[in-house]
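Inside the fold
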Protein chains: 2
Amino acid sequence: MKWKRSERLVDMTHYLLEHPHQLIPLTYFSEIYSSAKSSISEDLTIVKETFEEKGIGLLITVPGAAGGVKYIPKMAQQEVRQIIEEFIIELGHSDRLLPGGYLFMTDLLGNPELMNRVGKVFASAFSHKKIDVIMTVATKGISIAHAIARHLNVPVVVVRRDSKVTEGSTVSINYVSGSSRRIQTMVLSKRSMKSGQRVLITDDFMKVGGTMNGMKNLLEEFDCELAGIAVLVEAEHADETLVDDYYSLVKLHEVNEKDRTIALSEGNFFSKGEKLI
Amino acid sequence: MKWKRSERLVDMTHYLLEHPHQLIPLTYFSEIYSSAKSSISEDLTIVKETFEEKGIGLLITVPGAAGGVKYIPKMAQQEVRQIIEEFIIELGHSDRLLPGGYLFMTDLLGNPELMNRVGKVFASAFSHKKIDVIMTVATKGISIAHAIARHLNVPVVVVRRDSKVTEGSTVSINYVSGSSRRIQTMVLSKRSMKSGQRVLITDDFMKVGGTMNGMKNLLEEFDCELAGIAVLVEAEHADETLVDDYYSLVKLHEVNEKDRTIALSEGNFFSKGEKLI
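Residues numbered from 1 in each chain as written. Chains lettered and ligands numbered in written order. Predicted model: local features only at pLDDT ≥ 70, side-chain atom pairs only at ≥ 80, totals over all residues. Heavy atoms only, no water.

Moving on, we get to helix α3 (residues 37-53) of chain A. Across its 17 residues, α3(A) extends 24 Å between first and last C-alpha, which sits within 8% of the 24 Å expected from 1.5 Å per residue. Residues of α3(A) that are buried include every one of A:I40, A:D43, A:L44, A:I46, A:V47, A:T50 and A:F51, and no others. In an axial view of α3(A), the angular spread of the buried residues amounts to 155°, which keeps them on one side of the axis. For α3(A), the secondary structure elements touched by its buried residues are α1 (5-18), α2 (26-32), β1 (57-62) and β2 (68-73) of chain A together with α1 (5-18) of chain B. In the segment just after α3(A), A:G55 is the residue with positive phi, at about 65°. (Helix = DSSP H or I, 4+ residues; strand = E, 2+ residues; numbered from the N terminus. Expected span 1.5 Å × (residues − 1). Buried < 20%, exposed > 50% of the residue type's maximum accessible area, 1.4 Å probe, protein only. Arc of directions from axis to C-beta. Contact = heavy atoms within 4.5 Å.)

As C-alpha cells, then:
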C-alpha cells in the first residue's frame, strides 16, 4: 500500500517521537511507506521545520550510506521558564509545609505529565553530551530519572539503601550524609554499569549534596565517569556544597514554620549558562 | 501566522500524543493554527485514520459545545504479542538466574523504551475503564507504574515499607507476605488518594500475591476501589493465589538451578479475553 504524504507525516512524527536519540535510516521510512527516498526527505524537512518552530526538538540528518535522521528532544527556553514558574507557584503552597521544615513533593513526583516535561528539560540540557546511563537513588528520584532517560534513550540504574536478592551481586559503599553527618550505605547491582560509561546523576532534592557525593563515589567503584548532575529542587544551606557543576530547576531559600511561608526562586539552570534552542 | 496542513498534522500529532485521555476542544487547534474548524476536522480525520491503521491508538470525537477530540493509546494485538515474545526470550537467558531461583530483571525495569511499550500494553487493556490512580510498591514497580500512568494521564502513588518525614501523615497497615508468611508493614501518605477513587495496582512480579493483597487492603483504608491489577511476570506456585482478576504478560513456570534453565510462557493477558484493537 502506498501512503499519502499527510499519512506519512502523522506516522513519521509518532515514530520519531518514540525513538529519540536513535539514528533511523531513510530506507526504514521509504520501505514501510513504499515511497521514494526523495519524498521521505521532503517529508522530513516538513517535520524538522515544524519541530523547530514549535520547540519540540531538532531533527539531525546524517548523510551517507550509514546515515539517517535523528530526533533530539530540545525544549524551547520559553517553555523551560514556564515550567519553572509553574513549579515555583505549585511548590509555594503553604499546605506543603511538613514538620521539621520539609516540603511535601510526593504528588508532583507522581504526576506523569509534569515529570515528562521536567525530564525533557534536563534531556534538552544534556542533549549534546555523551550520556550512557541515568543514575538515581531509591525511591523518590526514580520518576525523574525515567523521565530523563526516555528522552535520552538510555537506561536507568537505581541505587538502593539495602541489598536485595533480586539484584544479584552488588557493590556497596559507605558515605557521609550531608546534613546529619551520619555514615550511610548505598548499594548497586554489579551488572548495572560497565566500566567507562558516562553517567548522569539525578534526584528530586539536594541540600549539602551528601547523597549525590555518595553516588559520585559509587561511580568510581564502577570505573564510570560523571557526565552531569540534575536536581529538581536544591535547598540553600550554610555549609559548603559537596558537589559542584549541577543543574537545579528550583532553589528553596527558607521555610518559615511559624508564618507558614516558603521562599523559592529559580534554580541555577539558566545562570549556569545552558544554551537551549 | 497561518499554518499549512502538513505542518498542522505534525504538530497536532505531537500534541495529541503528549496529552492522552484528555479532551481537547477543536477551538484549541483552530486558534493556535489560525485555521477554520472545518480544516481542523479534516486534519483530525487524517490523524485518526493513520493512528488506527498503524495501531497507535484511537481518536475519539465528542460532539457539541463542550466537545472536542481525545487520543486513547491503544496498541494493536499483534504488537502486544510481539512484546510478550521478545520479553520471554530476553527473560529466558540463563545468566539471569540468581541464587535461590530468582531472576535478574532490574535491567529490563530500567529500560525506558521497553517500559514505555509495556506501559502502553496495560494502558490499552484498561483504556475503557475509569482509572484515577496507579498504585505500586517501592522500588521495582515504580517504572512500570509511571509508564502506564503516562499513557492513561493519571497520577502514581508509591507505597513504602517505612514511613518517611517527607511523606507527611501516613496510613500504615500490616499484611502477610505470600511466600514467607511473615507479617510486614506498608505505608502510604494520607494525601495520596481521595475516597472513592478507582485504583489500578501494578508490580513487576507476583507469586502468591501477598503484596498485591496488602495494597488491596490499603485501598480499603482510603475508601478507594480496586479497578484492576497489572503484573509484568507472575510465577507459578502451589498455594492459592491471594488475588484474582489480574493481568500478567509473562508466566514463570520453573527455574532449574542445576541445568540453568528457565521455563516461561505467555501470561494470562490474552486468555483473560481482553479485547484490543
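In this section: the side chain of A:R96. Position of A:R96 among the secondary structure elements: in the loop between α4 (77-91) and β3 (97-98). Residues contacting A:R96, with those up to four places away along its chain left out, are A:E90, A:L91, A:Y102, A:L103, A:F104, A:M105, A:D107, A:L108 and B:R191.

Here the focus is the packing of aromatic side chains. A full pass over the atoms with the stated rule returns 20 aromatic pairs over all chains. Ring centres of A:F269 and A:F270 lie 5.4 Å apart, and the angle between their planes is 90°; this geometry places the pair in the edge-to-face category. A:F270 shares its class with A:F269; the two are buried. An aromatic cluster of at least three residues, connected via ring pairs, comprises A:W3, A:Y15, A:Y28, A:F29 and A:Y33. Above the face of the B:F104 ring, A:R191 is positioned so that its terminal group lies 4.5 Å from the ring centre. (Phe/Tyr/Trp six-rings, centres within 6.5 Å; stacked < 30°, edge-to-face > 60°. Lys NZ or Arg CZ within 6 Å of the ring centre and 35° of its normal.)

Attention shifts here to the sheet that holds strand β6 (residues 156-159) of chain B. As a general point, the strands of a sheet are linked pairwise by backbone hydrogen bonds and lie either parallel or antiparallel. Residue and element names in this part refer to chain B. Ordered in space as β6-β5-β9-β10-β11-β12, the six strands form an open sheet in which the pairing is mixed. Looking along the sheet, the strands with just one partner apiece sit at the ends: β6 and β12 (261-266). Taken over all neighbouring pairs, the strand axes of this sheet differ in orientation by 25° on average, direction set aside. Across six bridges, the pairing between strand β10 (residues 225-235) and strand β11 (residues 246-256) is parallel. (Pairing = 2+ DSSP bridges. Axes fitted to C-alpha atoms, helices over the stretch in contact; angles between N-to-C directions.)

Residue and element names in this part refer to chain B. Scanning the entire structure with this criterion turns up 28 salt bridges over all chains. For E90, the salt bridge identified is with R96, shortest N-O distance 2.8 Å. Residue class for R96 comes out buried when judged on its relative accessible area of 4%. Linking K130 and D132 is a salt bridge whose minimum nitrogen-to-oxygen distance equals 2.7 Å. (Salt bridge = Lys/Arg side-chain N within 4 Å of Asp/Glu carboxyl O.)

Gaps left between atoms are located by rolling a probe of water-molecule size over the structure's atoms. Tallied over the full model, the rule gives three cavities of 30 Å³ or more. Each pocket or cavity is described by its volume, and for the largest cavity that value is around 430 Å³. Residue lining of the largest cavity: 30 residues in total, with A:L17, A:E18, A:R150, B:E18 and B:R150 positioned closest to the centre. At the level of secondary structure, the elements contributing two or more residues to the lining of the largest cavity comprise α1, β2, α6 (112-125) and α7 (142-152) of chain A together with α1, α6 (112-125) and α7 (142-152) of chain B. (1 Å grid on protein atoms, 1.4 Å probe; cavity = no way out; pocket = protein on both sides within 12 Å on 5 of 7 lines; lining within 4 Å. Points joined across faces, edges and corners; volume = space filled by probe spheres on them.)

Each partner contributes residues to the interface: chain A has 56 residues there, and chain B has 56 residues. Where chain A packs against chain B, one counts two salt bridges. Residue A:K54 is joined to B:D11 by a salt bridge in which the shortest nitrogen-to-oxygen separation is 3.4 Å. The tally of links between chain A and chain B comes to 12 residue pairs in polar contact (both at pLDDT 80 or more). Secondary-structure elements contributing two or more residues to the side of chain A that touches chain B are α1, α3, β3, β4 (102-103), α5 (106-109), α6, α7 and β6 (156-159) of chain A. Looking at which element gives the most residues to the side of chain A that touches chain B, the answer is α1(A), with nine residues. A class-by-class count of the residues in the side of chain A that touches chain B yields 26 nonpolar, 16 polar and 14 charged. (Polar contact = N/O pair within 3.5 Å; in protein donor to acceptor, adjacent residues only side chain to side chain. Nonpolar A, V, L, I, M, F, W, Y, C, P; charged D, E, K, R; others polar.)

Let us look at the pairing of strand β5 (residues 133-137) of chain A. Residues and elements named next belong to chain A. Counting buried positions along β5 gives five out of five residues, so the element sits mostly inside the fold. Taking every second residue as pointing to the same face, both faces of β5 are buried, with V133, M135 and V137 on one and I134 and T136 on the other. Relative to strand β9 (residues 198-206), β5 runs parallel, the two sharing three bridges. Directly across from V133, in β9, lies its bridge partner V199. Pairing analysis gives four bridges linking β5 to β6, with the strands arranged parallel.

Limitation: the analysis is restricted to geometry and does not speak to function.
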